[in-house]
Amino acid sequence: MPNISNRAQQMPPSPVRKLVPFALKAKQRGTKVYHLNIGQPDIETPETALNALKNIDLKVLEYALSEGNIEYRKALTEYYHSLDFTDLTPDNFIVTNGGSEALNFAISTLCDDGDEVIIPEPYYANYNGFTSTFNVNVVAVPSTIDTGFALPPIEEFEKKITAKTRAIVICNPGNPTGYLYTREELQQLADIALKYDIVIISDEVYREYVYDGKQQISMLAFPELSENCIIIDSESKRYSMCGVRIGCLLTRSKKIHDAAMLFAQARLSPVLLGQIAATAAHQNDGAYIRAVREEYTHRRNVLVDLLNAIPGVICPKPRGAFYCVAELPVDDSEVFAQWLLEKYSLNNETIMVAPAGGFYSNPELGKKQVRIAYVLKEQDLRKSVAILQAALENYNSDIRH
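The rules behind each value
Residues numbered from 1 in each chain as written. Predicted model: local features only at pLDDT ≥ 70, side-chain atom pairs only at ≥ 80, totals over all residues. Heavy atoms only, no water. UniProt positions renumbered as here; feature names shortened; annotations may be inferred. Helix = DSSP H or I, 4+ residues; strand = E, 2+ residues; numbered from the N terminus. Rg over C-alpha atoms; globule rule 2.2 N^0.38 Å. Buried < 20%, exposed > 50% of the residue type's maximum accessible area, 1.4 Å probe, protein only. Contact = heavy atoms within 4.5 Å. Areas by Shrake-Rupley, 256 points an atom, 1.4 Å probe, with all protein chains shown as cover. Phe/Tyr/Trp six-rings, centres within 6.5 Å; stacked < 30°, edge-to-face > 60°. Lys NZ or Arg CZ within 6 Å of the ring centre and 35° of its normal.

For the protein, the name recorded in an unreviewed UniProt entry is Pyridoxal phosphate-dependent aminotransferase, with Chryseobacterium kimseyorum as its organism. Taken verbatim from the UniProt record of the protein, the Sequence similarities (unreviewed entry) comment is "Belongs to the class-I pyridoxal-phosphate-dependent aminotransferase family." Entered under Cofactor (unreviewed entry) in the UniProt record, the comment concerning the protein runs "pyridoxal 5'-phosphate".

Rendered as structure tokens:
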């Protein structure tokens, strides 16, 4: 038998996908599964993007430029100009195969073996995977459900900074919590990054989907960070086209850009067809974004209000993205999530949720919590919460007996 690398053995499993085998078995038994575990929207992709793919008139599907084709980088530039970042040019962007590759490039560019990045938790679980791949250590700063997962006191970040700290990673608005950082919180992060000459890596892939009249504030709004900031962006959630695998790394720092380009060249090129679709999606997209934001607002209100009506459930109302973290009246959410798929159904239907322990560096902090994605239509969300409520009553009754 061949040897498996230590790197592979230490790679953390995805908390979003580790229960997939149990979901498949449930479906094989004929049980309908409502997928609340993954950020795959049921929103339709913009027609402009679909038509661009249908009407491709190319004789050769050739390599794209390593930094991304100019047509798409111009579209990105115009998009960011519409957000008032008019100093940006196509040369500030490196197009990537999804936001995931942009994060990999950022970590690769900034960190060596044994270096550290500080991340407020709970955080997007794949940050563990990206850092583990490069032998980089995550240093977590816990936020709490009773504050709605607000940024922890900045003093807690400063305590964690060492000679090995290379970056602070944030997701704004956040996955898994939906928390939307305030300008004051972001200013505190900008100040500490400059004080210690480290980089803020700001994952802003859910930028469009903020609610209650709020606006997402980008780390680009802090020009003093011109040499100390990387923005991660993606089209997957903005236009409900996760399958095109198109994102970008954006920085004003030529030093960081040029170093990241070496990794971009090593992987040859980003997806050509994805860039064609993404370029088209950016055309006249205002009405699309507004309609989708309104739909997510409605879904959030329905889901969170129903969850908080269940005895023992605590769920802060998120201000952005399309996720919430709920604390359940169970001892172990992972055991409960598996039980839902293996042993429970209501009218031959069940739900799949993501145990939140996988979104923490210390899983005990999320042991009673789950992440729920409100990416399903209202009717399915209502059914899902009804299943959850009945399941909790049944589950806790079974435990007592």
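Alright, that's what it looks like, and here's the rest.
(A) Summary view of the overall build of the protein. For the protein, the helix and strand inventory stands at 13 helices and twelve strands. For the protein, whose C-alpha radius of gyration is 21 Å, the value lies close to the compact-globule estimate of 21 Å for 401 residues. Principal axes of the C-alpha set define a box for the protein whose edges measure 65 × 60 × 55 Å. Among the 401 residues that make up the protein, the fraction classed as buried is 55%. In the protein, of all internal contacts separated by at least 6 residues, the share reaching a separation of at least 24 is 76%. Only carbon and sulfur atoms are counted for the fraction: they give 51% of the accessible area of the protein, which is about 17700 Å².

(B) Spotlight on the packing of aromatic side chains. Applying the stated criterion across every chain yields a total of 17 aromatic pairs. Taken together, a centroid distance of 5.2 Å and an interplanar angle of 20° make the contact between Trp339 and Tyr344 stacked. Here Trp339 matches Tyr344 in class, with each residue buried. Here a set of aromatic residues connected by ring pairs shows up, and it is made of Tyr206, Tyr209, Tyr296, Phe322 and Tyr323. The cationic tip of Lys32 hangs over the ring face of Tyr34; the distance from NZ or CZ to the ring centre is 4.9 Å.

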